[in-house]
Amino acid sequence: MNELADNGAPQGRRHWVWGAVFAMITLVTVAIRYALPVRDGDVWWHMLYGKYFLENKTLIADHTIFSWTQSSNDTIYCTWLPDIFLYLLHQAGGLPALFAFRYFCLYSFVLACFLYARKVGKAWHPLIWLIILVGILMAYTAAFIKPEIISFVLMTLLAWNWWHIRSGGDNAYRWCYGFPVIMVVWVNTHGAFVFGVIFLVAVALGEIMNTWWSHGNVLPGKVRKHLCIALSLTALAPLLNPYGWHYPYQLFFDLLPSPENIAYNKKVSAYIPTFKMEINFHNFSLYANIAVAIVVSLSLLGLRQRKTEWSLLLSNIIFVLIYSRFLRTTFYLAPVFAFSSINILSSLSFGYSKYYYFKWMNFSRIFLNPLMLLVLFAVSSSSIYTALENPEGDVVVGDFSIACQSGPMDEVEYIKQHYPHARIGNSYNFGAYLLWKLWPENKVFFDSRHFPYKEWSDDFFMSRSAEGLPELLTKYPAEVWAFDHTENVWSSYFRYSPDWKLAYYGKCGEVFVAKDIPLPEGQETYRVSEKIGDIKSRYTSYQVFLFSLSIYDWDTAELLLKRIEERYLDTRRERTVFLYRDLLTGIKAFADRDYEKALGKLAGYADFVGGVGGYVVISHLNLAQQAMDNKQFDTANTHVRTALFMLPDTFYTQFDAALVARLVSRQKGLEDGGAKQPAWKEGFRNFLSLVVGNEDFFKEEVNFARAVLADAEDVGERYELLVPELKNFVGQSMQPVQ
């Protein structure tokens, strides 16, 4: 029962059982880790393009017809094949069909690795399943339902085909002609086919280097001949698309590291270097380190048995660099790592062998399977735990629906029902779903395609600052604005602007209408989604809860807090639940002008919940004003100094601190003169430098500060502080604690 095959893998029921356990851990991990909602809105405009292609009997899209703002057809975007496929798939089976397709693509990688391992006689080697598990976890950024996931499948096929050729002997020459077929499909799927080109160039160069320095790894002559023919045919593949040579020509210049291209890529988070941003929802560095460790370890073990195989070495080095270069390109390393690791493993004679004369070999035979079980379980449980405890934004594992930022369903239905044909302004995240649901009746302002708006996209991204938004609204006047709750600057600006009013808010975002546009008949004030209490995401629950507090919607805030308490009160997040209860009590007190109570509840959270600082500063300054009215200058001084410490670079805290300090010093009989000028004079100087541009609104305070600094004799006492309103804190909307 325990005979050993020539390939070094023990045969028998016990070994098959171990392999089945390893396989089950891997398959279950994939099923749970990738049980995700639609978390990228790009799928909506891709499907809309597919519909457009079929209805207009064309494969070339007119990018300009979907938005009312300036857009351009200058950029060639060739994704007609997956666009049509995804549209037809959705038409046939809805969201379940899209989710099933995602699993099909992910499990295709697992199956391809297993089949190749079986071909080389290592299907049940315990290390195989660690390689597959790490590879599929490295492919997290491929698990979007859009053309990228098809690129992942095609990259897998490309790598599988290459190492199938390398392991196939003389008869493998037929597989060489798989390259042009795969690349023709990929060229018409996504511009990411360039990574396939990079892979083929790397392995071709590697094969040339094998002929120079590693003769034992050179392919058979017949295979090399057909490989040259196949790669020559593959070189023509980029021309076989609806745009002809213009497409690869443009891609070449788009990929050059020019200042324009670098600036363009910086606007999109997917192009941020993988290890530059702090990511807690997926451990990209861990999986990359494990992958590199496996390849390096196997390569070192095999040095005595064979010389360097250069196509393997080159492709791994290049795709490790690509993995680290952009978050979006991490998944291309997975097939290269997996198939090359299996290929190296197949050439080694360590591990299970016919002969067990050495003690260390006996040790390996006895303990390798249990050890690998522990490692697999650790990697699997770590990935699942991370997904459950540190989800990616509003993503919830096990939620087969649409994540909020990818599909504002309730908000879009409200617009569709009450404001058809309106000119809509929208956030980056909402644009694609608005297109899918409302076009052609409503066109969008901006969307995640991004490329049609290159000429003015700087204006859009600058609008995420308090300074850039008013200019954007003037330049691109809209009648309705819809955006997600994460747009802090937009939310606070629109709430306090006299030109806009809140019409609706739901789980995903807010809808504002211009002040001269009436609310729907029978609606006297804003409406709240009836599904507001059915939020699945912890992060989204907190976001909507904080927004409801900011508009003093106590009923919705209480409802959401009750839901939060029901889910998390008896968990390790109990402290966070108490925090949000304090926020509700504190902001209620603030609204009732009970500033002592507000400070008692809010002051401790100013550093933990973004935006709470505004409430705390205003509470301190109001209490300082009350103390001033009662001539309690020391108490007032304590409050204004705390406000100044929290916000040192605002003219009102500088003015208030200087004013109270002057009164305190005069009350104590301190003279203004002397060798050292009093510190409060520096406060007035700071005020005058910070108030530049707003002098007309604060003429009285400016004249008072100038007179005090000039030691004018007729300067009287002043007891009125500058107390800002919440609208002065645009861009500081409250944000959740993770």
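Residues numbered from 1 in each chain as written. Predicted model: local features only at pLDDT ≥ 70, side-chain atom pairs only at ≥ 80, totals over all residues. Heavy atoms only, no water.

**Student:** Could you give an account of the overall build of the protein, naming the residues involved and the relevant values?
**Tutor:** Along the protein, the regular secondary structure elements total 28 helices and 5 strands. Its C-alpha atoms give the protein principal-axis dimensions of roughly 105 × 65 × 55 Å. When the 738 residues of the protein are sorted by exposure, 56% land in the buried category. Within the protein, residue pairs in contact and separated by at least 24 positions form 72% of the contacts whose partners lie at least 6 positions apart. (Helix = DSSP H or I, 4+ residues; strand = E, 2+ residues; numbered from the N terminus. Buried < 20%, exposed > 50% of the residue type's maximum accessible area, 1.4 Å probe, protein only. Contact = heavy atoms within 4.5 Å.)

**Student:** Go over the state of the cysteines, please, and point to the residues and values.
**Tutor:** Per the counting criterion, the structure on display carries 1 disulfide. With a sulfur-sulfur separation of 2.4 Å, Cys404 is cross-linked through a disulfide to Cys508. Disulfide Cys404-Cys508: the torsion about the S-S bond is -70°, which places it as left-handed. Residue Cys404 is located in the loop between helix 14 (359-389) and helix 15 (409-418), and its partner Cys508 is located in the loop between strand 3 (500-505) and strand 4 (509-514); the two are separated by 104 residues in the primary sequence. Each member of the pair, Cys404 as well as Cys508, is classed as buried. Not part of a disulfide, Cys228 finds its nearest cysteine sulfur in Cys176, a span of 8.9 Å. Classification of Cys228 by relative accessible area gives exposed; the value is 52%. (Disulfide = S-S within 2.5 Å.)

**Student:** So, the nonpolar core: which residues are in play, and what are the values?
**Tutor:** Where a protein is soluble and globular, its nonpolar side chains tend to be buried together. Counting 210 residues, the largest nonpolar core has Phe199, Phe337, Trp481 and Phe545 as its most contacted members. The element best represented in this core is helix 3 (residues 80-119), accounting for 19 residues. Apart from the residues within four sequence positions on either side, Trp481 is in contact with Gly425, Asn426, Phe445, Leu472, Leu473, Trp490, Phe494, Trp500, Glu510, Val511 and Phe512. Counting 30 residues, the second largest nonpolar core, distinct from the first, contains Val617, Phe704, Val708 and Leu721. (Core = buried A, V, L, I, M, F, W, Y, C linked by side-chain atoms within 4.5 Å.)

**Student:** I'd like a description of the pairing of strand 3, backed by residues and values.
**Tutor:** Regular strands show a simple pattern: their side chains alternate between the two faces of the sheet. The buried count for strand 3 comes to 5 of 6 residues, which makes it a mostly enclosed element. Bridging between strand 3 and strand 4 involves 5 bridges; their strand directions are antiparallel. Pairing of Leu502 across the sheet is with Phe512, part of strand 4. Hairpin connection of strand 3 to strand 4: 3 residues between the antiparallel strands. Alignment of strand 3 against strand 5 (residues 527-528), held across 2 bridges, turns out to be parallel. In the sheet register, Tyr505 faces strand 5, and the bridge partner there is Val528. (Pairing = 2+ DSSP bridges.)

**Student:** Hey, could you go over the packing of aromatic side chains for me, with residue numbers and the actual values?
**Tutor:** Evaluated as defined, the whole model comprises 79 aromatic pairs. Seen from their ring centres, Trp18 and Phe22 are 5.9 Å apart, and the 35° between their planes marks the pair as tilted. With a gap of 4 residues between them, Trp18 and Phe22 both fall in helix 1 (residues 13-33), about one helical turn apart. By relative accessible area, Trp18 is classed as partly exposed at 24%. (Phe/Tyr/Trp six-rings, centres within 6.5 Å; stacked < 30°, edge-to-face > 60°.)

**Student:** Describe the sheet that holds strand 1 (residues 424-426), and please don't skip the residues or the numbers.
**Tutor:** In any sheet, the strands associate via hydrogen bonds between backbone groups, in a parallel or an antiparallel arrangement. In space, the 5 strands of this open sheet follow the order 1-2-4-3-5, with mixed pairing throughout. Taken across any chain shown, the strands that pair with only one partner, and hence form the sheet edges, are strand 1 and strand 5. In this structure, strand 2 (residues 480-484) lies alongside strand 4, joined through 5 bridges in antiparallel fashion. For Trp481, the partnering residue across the bridge sits in strand 4 and is Phe512.

**Student:** Lay out the packing of helix 5 (residues 147-167) against helix 12 (residues 310-325) with the relevant residues and their values.
**Tutor:** Between helix 5 and helix 12, the shortest axis-to-axis distance is 12 Å and the interhelical angle comes to 160°. Considering the angle they form, helix 5 stands roughly antiparallel to helix 12. Every pair of crossing elements has a handedness; the one defined by helix 5 and helix 12 is left-handed. The residues of helix 12 that touch helix 5, namely those facing Met155, Trp162, Trp163 and Arg166, are Ser311, Leu312, Ser315 and Phe319. Considered class by class, the residues forming the contact of helix 5 with helix 12 number 5 nonpolar, 2 polar and 1 charged. (Axes fitted to C-alpha atoms, helices over the stretch in contact; angles between N-to-C directions. Parallel < 35°, antiparallel > 145°, perpendicular 65-115°, else oblique. Left-handed = near helix turned anticlockwise from the far one by under 90°. Nonpolar A, V, L, I, M, F, W, Y, C, P; charged D, E, K, R; others polar.)

**Student:** Run through helix 18 (residues 468-475), naming residues and quoting values.
**Tutor:** An α-helical turn contains 3.6 residues, so a residue and the one three or four places further along point in the same direction. Where helix 18 is concerned, the buried positions are Gly468, Leu469, Leu472 and Leu473. Looking straight down helix 18, one finds its buried side chains confined to an arc of 130°; they lie on one side. If you follow the buried residues of helix 18, they end up packed against helix 17 (457-462), strand 2, helix 19 (488-496) and strand 3. (Arc of directions from axis to C-beta.)

**Student:** Requested: an account of the environment of Ser550, with residues and values cited.
**Tutor:** Take Ser550: it is sitting in helix 20 (residues 538-550). The exposure class assigned to Ser550 is buried, which follows from its relative accessible area of 11%.

**Student:** Could you give me a rundown of the environment of Ala291, with the residues and numbers involved?
**Tutor:** Its location among the elements puts Ala291 in helix 11 (residues 284-301). For the pair Ala291 and Pro147, spaced 144 residues apart in sequence, the C-alpha separation works out to 25 Å. Ignoring sequence-local partners within four residues, the contact set of Ala291 consists of Val134, Met138 and Phe337.

**Student:** Can you explain the pattern of salt bridges? Please cite residues and give values.
**Tutor:** Inspection of every chain in the model, using the stated rule, returns 21 salt bridges. Across the pair Glu558 and Arg581 runs a salt bridge whose closest N-O atoms are separated by 3.5 Å. Here Arg581 lies in helix 22 (residues 574-591) and Glu558 lies in helix 21 (residues 554-568), a separation of 23 residues in the sequence. Note on Glu558: relative accessible area 29%, which makes it partly exposed. Judged by relative accessible area, which is 27%, Arg581 ranks as partly exposed. (Salt bridge = Lys/Arg side-chain N within 4 Å of Asp/Glu carboxyl O.)

**Student:** Can you tell me about unusual backbone geometry, naming the residues and giving the values?
**Tutor:** Residue Pro440 is bonded to the preceding Trp439 through a cis peptide linkage, with omega at 10°. On the secondary structure map, Pro440 appears in the loop between helix 16 (431-438) and helix 17. In this structure, His421 takes a positive phi of about 75° despite not being glycine. Considering the arrangement of structural elements, one finds His421 in the loop between helix 15 and strand 1. Phi at Tyr552 is positive, roughly 60°, even though this residue is not glycine. Within the secondary structure, Tyr552 is located in the loop between helix 20 and helix 21.

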